[in-house]
Amino acid sequence: MQKTILDEQEKHKQLLQSMNTRPFWHYCEVCGKKEYITAEEAFNDGWDYPPSRSEWS
Ligand SMILES: [Zn+2]
């Protein structure tokens, strides 16, 4: 069986979509905040995810 490039692109697309619609734990390394939300909700809430160490101030 040969995989086609189209199959791989479709899988990748579905993975990205699932990441936007399925909640997962977000941790803020700076203030310790923890929320079980989707990537989309995190984005709307102003989360900068994945958290970056450069947030230290
Ligand atoms: Zn924070």
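Residues numbered from 1 in each chain as written. Predicted model: local features only at pLDDT ≥ 70, side-chain atom pairs only at ≥ 80, totals over all residues.

A.B. asks: What am I meant to see in the overall build of the protein chain here?
C.D. replies: When helices and strands are counted, the protein chain shows 2 helices and 2 strands. Burial analysis of the protein chain (57 residues in total) assigns 0% to the buried set. (Helix = DSSP H or I, 4+ residues; strand = E, 2+ residues; numbered from the N terminus. Buried ≥ 20, exposed ≤ 12 C-beta atoms within 10 Å, placed from the backbone.)

A.B. asks: Hey, could you run me through the pairing of strand S2 (residues 34-37) in this one?
C.D. replies: Two faces, one strand: in a regular strand the side chains alternate between the faces of the sheet. Two strands pair when backbone bridges link them, and strand S1 (residues 24-27) and S2 are joined in this way by 4 bridges, in the antiparallel orientation. Looking across to S2, one finds that Phe 24 is bridged to Ile 37. As consecutive antiparallel partners, S1 and S2 are separated by 6 residues, and within that stretch Gly 32 has a phi angle of approximately 85 degrees, a positive value. (Pairing = 2+ DSSP bridges.)

A.B. asks: For this particular structure, what's the right way to read the confidence of the model for the protein chain?
C.D. replies: Note that predicted coordinates carrying low pLDDT should not be read in detail. Predicted confidence across the protein chain gives a mean pLDDT of 80, with 82% of residues reaching 70 or more. Taken as a whole, residues 52-57 scores under 50 in pLDDT and shows 2 contacts with residues more than four places along the chain or in a different chain. (pLDDT = per-residue confidence, 0-100. Contact = placed C-beta atoms within 7 Å.)

A.B. asks: Just checking my understanding: could you explain helix H1 (residues 5-21) for this structure?
C.D. replies: Given 3.6 residues per helical turn, the α-helix brings residues three or four places apart onto the same face. In a regular helix each residue adds 1.5 Å, so 17 residues correspond to 24 Å; H1 covers 25 Å between its end C-alpha atoms and thus fits that length. Little of H1 sits inside the fold, with 0 of its 17 residues counted as buried. (Expected span 1.5 Å × (residues − 1).)

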